[in-house]
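Here is how the chains run, residue by residue.
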Amino acid sequence: MAGTCVIGLQWGDEAKGKLVDLLTSRFDVVVRYQGGANAGHTVVVGDKTYKLHHIPSGILNANVMNVVTPGVVINPPTILQELDSLASQGVKVAENLMLSDRAHVVFPWHIAEDRLRNEGGSGERESIGTTMRGIGPCYGDKVGRMNAVRLGDMFRPDFRERVNIITAGKNRLLSALGSTADQLDAAAIFDQYSGYAARLKPFVTDTTHYLLDQVEAGKKMLFEGAQGSLLDIDHGTFPYVTSSNASGVGVSAGSGVPGKWITKVLGVCKAYTTRVGGGPFPTELNNEMGNKIRELGREYGTTTGRPRRCGWFDAVAVRYTSRLSGIDAISLMMMDVLSLLPEIKICTAYEIDGERTNKFPSHVDDLRKVVPVYETIPGWETDVTKVRKIADLPTGARKYIDRVAELVGKPVEVVSVGPDRAQTMFAGSLAQ
Ligand code: IMP
């Protein structure tokens, strides 16, 4: 168990944070390696709810080191709010959080650009429906290399000059994109960000060396994925994706830990499917059933509060992402949400232009054409929220789990029946 990864297999919001929180005590280090404040991880412990965006869910365990690595983009005011909120809930962070000096920083110009592009300011065809957290523009500057600021740059003597130069260029860009807002004020941004830098300084370090030392010392690491594999920039439903490698392929690049140290990959999916934002979604239910699943599953975004689009479980998509992320086992979350439905559908294949296929298409235009082939499974219509062993679930629920495992081709080792820690059941290699 040198390195275990928790990876979302759908379009995000698969309850990965909850799983990471539960597994944390088995590890020495928890690592967040991609994404940024677009992620929203909710962890419920007893009567307390913690909402995290950048900080790994392992922060709730005082014996674990939490590391935010170079692949993450950090929004300083948001991470400071997270730190303040954790402190107000009595969670100590001083000794167990590290932020990479290589992580890129989100600035107000990124957020303004994200908003303008989403509003159609760039003339792009259909809005991606981003979280408006400046994620795409920040990663864009990282890859473009010229206008990027990393966390470590904020402590350098030329930081003021860089903010001046970048702000001037960004003001021109924002005007070209149709901004009617006031021009960004470089001096104000510098003052604000210097203040943030001072507060973040105790946590900022070279995490790459730290993690390499840890793996070589045989420490156990848990890698916490953000978003889901279908939102992966290279392998997801491009362009309706996020700007990082949200599938298992991103772990090594984002963290700096070589792939050979990763020994187990847990794929997390809901017992149905959700998606926030734009882009095709073959099993989407634009009807009463979709609304019912949304209400039963409280399917509203943690970060933006947007209602999530809901649909049936898509085994074609999950089989694809399971293979892509190299998963060993499935965590099937939110089983309780399906409990009251008289019958449940699973998409077992796609029909595209009259041809039946099990292959997830690489182009969104083909994904848009998909007619899902469904198998109908009788519902179990029994409350499962108090069940504590997978073997004690109603027969119908166990049949559903077995069918998911069969279609995806991997065993189900975790089943969750509610938001609380106690409502998660482990089997196979994860049972303790
Ligand atoms: P961005 O990451 O804000 O650029 O948004 C790109 C797409 O990814 C949009 O469809 C978002 O709704 C989606 N997205 C980003 N982060 C999350 C997440 O944590 N959960 C679910 N969807 C997300």
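Residues numbered from 1 in each chain as written. Predicted model: local features only at pLDDT ≥ 70, side-chain atom pairs only at ≥ 80, totals over all residues. Heavy atoms only, no water.

(A) Layout of the overall build of the protein chain. Each helix and strand in the protein chain was counted, giving 12 helices and 20 strands. Taking 22 Å as the expected radius of gyration for a compact globule of 432 residues, we find that the protein chain reaches 22 Å, a close match to that expectation. In terms of its C-alpha atoms, the protein chain occupies a principal-axis envelope of roughly 65 × 50 × 40 Å. In the protein chain, buried positions account for 55% of the 432 residues. Taking the contacts inside the protein chain whose residues are at least 6 apart along the sequence as the reference set, 77% of them involve residues at least 24 apart. When the 49 basic and 48 acidic side-chain charges of the protein chain are each reduced to a single mean position, those positions are 2 Å apart. (Helix = DSSP H or I, 4+ residues; strand = E, 2+ residues; numbered from the N terminus. Rg over C-alpha atoms; globule rule 2.2 N^0.38 Å. Buried < 20%, exposed > 50% of the residue type's maximum accessible area, 1.4 Å probe, protein only. Contact = heavy atoms within 4.5 Å. Lys, Arg positive; Asp, Glu negative; His and termini not counted. Charge placed at Lys NZ, Arg CZ, Asp CG, Glu CD.)

(B) Here's a closer look at the sheet that holds strand 9 (residues 204–205). Strand order in the open sheet formed by 10 strands is 9-7-5-2-10-1-11-15-19-20, with mixed pairing between adjacent strands. The open sheet has two edge strands, strand 9 and strand 20 (424–426), and neither has a second partner. Here helix 7 (residues 207–216) sits on the sheet and contacts strand 2 (29–32), strand 5 (65–68), strand 7 (97–100), strand 9 and strand 10 (221–224); the angle it forms with strand 5, its principal contact strand, is near 135 degrees. (Pairing = 2+ DSSP bridges. Axes fitted to C-alpha atoms, helices over the stretch in contact; angles between N-to-C directions.)

(C) A look at the nonpolar core. If you look at the biggest cluster of nonpolar residues, it comprises 68 residues, and the most contacted ones within it are F313, L332, M335, L393, Y400 and V415. When neighbours within four sequence positions are excluded, L332 is seen to be in contact with C269, K270, A271, F313, I401, V404, V412, V414, V415 and S416. L52, I74, W109 and A197 belong to the second largest nonpolar core, which has 37 residues in total. (Core = buried A, V, L, I, M, F, W, Y, C linked by side-chain atoms within 4.5 Å.)

(D) The side chain of S339, seen in detail. Looking at the secondary structure, you find S339 in the loop between strand 15 (329–333) and strand 16 (343–352). Beyond its immediate sequence surroundings of up to four residues, S339 is in contact with W380, E381, T382 and V384.

(E) The site of the ligand, seen in detail. Taken together, 15 residues lie around the ligand, and N38, T131, T242, V276 and R306 are the ones closest in. Q227 has a polar side-chain atom sitting 3.3 Å from a nitrogen atom of the ligand. The backbone of V276 places a nitrogen or oxygen atom 3.0 Å from an oxygen atom of the ligand. By residue class, the composition of the shell around the ligand is six nonpolar, seven polar and two charged. (Near = heavy atom within 4 Å. Polar contact = N/O pair within 3.5 Å; in protein donor to acceptor, adjacent residues only side chain to side chain. Nonpolar A, V, L, I, M, F, W, Y, C, P; charged D, E, K, R; others polar.)

(F) Seen up close, the packing of helix 2 (residues 76–88) against helix 6 (residues 186–200). Direction vectors running N to C along helix 2 and helix 6 enclose 40 degrees, while the axes themselves pass 10 Å from each other. Of the possible angle classes, the one that applies to helix 2 and helix 6 is oblique. Judged by the twist between their axes, the crossing of helix 2 over helix 6 is left-handed. Contact residues: helix 2 offers P76, P77, I79, L80, L83 and D84, while helix 6 offers Y193, Y196, R199 and L200. Split by residue class, the contact of helix 2 with helix 6 holds eight nonpolar, no polar and two charged. (Parallel < 35°, antiparallel > 145°, perpendicular 65-115°, else oblique. Left-handed = near helix turned anticlockwise from the far one by under 90°.)

(G) Molecular detail of the state of the cysteines. All chains considered together, the criterion is met by zero disulfides. Of all cysteine sulfurs, the one in C269 lies closest to C5, which takes part in no disulfide; the gap is 16 Å. Given the relative accessible area of 2%, C5 is considered buried. (Disulfide = S-S within 2.5 Å.)

(H) Local environment of the packing of aromatic side chains. Taken as a whole, this structure holds nine aromatic pairs when the rule is applied. An angle of 75 degrees between the planes, with centres 5.0 Å apart, marks the rings of Y193 and Y196 as edge-to-face. Linking Y193 with Y196, this pair stays in helix 6, spanning three residues, or about one helical turn. For the residue pair Y193 and Y196, the accessibility class agrees, reading buried in each case. (Phe/Tyr/Trp six-rings, centres within 6.5 Å; stacked < 30°, edge-to-face > 60°.)

(I) Main features of the pairing of strand 16. Among the 10 residues of strand 16, seven are classified as buried, and the element is accordingly described as predominantly covered. Where strand 16 lies against strand 18 (residues 371–378), eight bridges are found, and the strand directions are antiparallel. Across the sheet, I344 pairs through a bridge with I377, a residue of strand 18. Where strand 16 and strand 17 (residues 355–357) come together, three bridges link them in antiparallel fashion. Each residue of the ladder has a partner; that of Y350, found in strand 17, is T357. Connecting strand 16 to the antiparallel partner strand 17 that follows it, the hairpin turn spans two residues, and D353 within it adopts a positive phi of roughly 50 degrees.

(J) Region of interest: the environment of W380. Within the fold, W380 resides in the loop between strand 18 and helix 12 (395–408). Using a relative accessible area of 8% as the deciding quantity, one classes W380 as buried. Taking the C-alpha atoms as reference, W380 lies 8.5 Å from L338; in sequence the two are 42 residues apart. Those residues in contact with W380 that lie beyond four places of it in its chain are M335, L338, S339, L341, I344, P394, G396, A397 and Y400. Within the local environment of W380, its side chain forms a polar contact with the side chain of S339, the two groups lying 3.1 Å apart.

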